[in-house]
Amino acid sequence: LQVSCRRAGSFLHQLTPSKKSYSVVCDVEINHGRRRITIRSPLQVSNQLPVSMVMTCDPSLLPDVEHGCYDTDDNNQAVLGTVRPGQTCAVPLFAAYHATLSIRPEGTEYVTPEEPLTWQDVATNRSLRTVSCRGRDSGAAVFFYNVTWEASSIRRLVR
């Protein structure tokens, strides 16, 4: 992968392994003559809630599960990361393309939502989707949050 560092911005690079095609985003920041390049998945999760949210997925859909690369939660889901209030977090590349995401409040009082998310579903519908997380205890309150699609400006590099 060759990354041009001549100008700042976000650039979409196409990766072409033998059977599948993936894209990654290269974020180039230039500050006082120093360049910082971040390579990430095109899929990001932004948390506009006042509580931290945990991203999980079915571990059987991820490579290297048998090597212990991913922690699991109480629901036997692979933990991909925690998104703090006001933070944006990139979804790991393989999970972004192959897994369904479950997002729930941090802590043990809520279980994983029954309907996981895929970026394809959210991008296709482009409408507001409400997700609910049941409380672990039978009388506990249900936690609701909304999921929306937002496209960012990323330049596609043509080779």
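Here is a short report on the structure shown in this document. Since this is a predicted model, take the numbers as computed values, not measurements.

1. Considerations on the packing of aromatic side chains
(1) Moving on: Per the stated rule, a full pass over the model turns up three aromatic pairs.
(2) Moving on: Note on Tyr22 and Tyr97: the rings are 5.0 Å apart at their centroids and 85° apart in plane angle, and the pair reads as edge-to-face. With a gap of 75 residues between them, Tyr22 in strand 2 (residues 22-31) and Tyr97 in helix 1 (residues 93-98) connect regions that are remote in the sequence.
(3) Moving on: Given a relative accessible area of 15%, Tyr22 falls into the buried group.

2. Some remarks on the environment of Thr124
(1) Moving on: Relative to the helices and strands, Thr124 resides in helix 2 (residues 119-125).
(2) Moving on: The exposure class of Thr124 is exposed, given its relative accessible area of 64%.
(3) Moving on: Taking the C-alpha atoms as reference points, Thr124 and Trp149, separated by 25 residues in sequence, lie 9.1 Å from one another.

3. Looking at the pairing of strand 10 (residues 143-147)
(1) Moving on: Alternating residues of strand 10 divide into Phe143, Tyr145 and Val147, all buried, and Phe144 and Asn146, none buried.
(2) Moving on: Examined bridge by bridge, strand 9 (residues 129-133) and strand 10 share five bridges and lie antiparallel to one another. Each residue of the ladder has a partner; that of Arg129, found in strand 10, is Val147.

4. Focus: the environment of Val28
(1) Moving on: Mapped onto the elements, Val28 comes out in strand 2.
(2) Moving on: The buried category is assigned to Val28, whose relative accessible area is 3%.
(3) Moving on: Each C-alpha atom, one on Val28 and one on Phe11, is 8.0 Å from the other, the two residues being 17 residues apart in sequence.

5. Digging into the sheet that holds strand 6 (residues 78-83)
(1) Moving on: Here we have three strands laid out as an open sheet, ordered 6-5-8, and antiparallel in their pairing. If you trace the sheet from one side to the other, it starts and ends with strand 6 and strand 8 (101-105), each paired once. Sheet twist, expressed as the mean angle between neighbouring strand axes with direction ignored, is 25°.
(2) Moving on: Bridge count for strand 5 (residues 53-57) against strand 8 is five bridges, and the pairing is antiparallel. Looking at strand 8, one finds that Met53 is bridged to Pro105.

Conventions and cut-offs
- Residues numbered from 1 in each chain as written.
- Predicted model: local features only at pLDDT ≥ 70, side-chain atom pairs only at ≥ 80, totals over all residues.
- Heavy atoms only, no water.
- Phe/Tyr/Trp six-rings, centres within 6.5 Å; stacked < 30°, edge-to-face > 60°.
- Helix = DSSP H or I, 4+ residues; strand = E, 2+ residues; numbered from the N terminus.
- Buried < 20%, exposed > 50% of the residue type's maximum accessible area, 1.4 Å probe, protein only.
- Pairing = 2+ DSSP bridges.
- Axes fitted to C-alpha atoms, helices over the stretch in contact; angles between N-to-C directions.

Read these as spatial facts, not as claims about activity.
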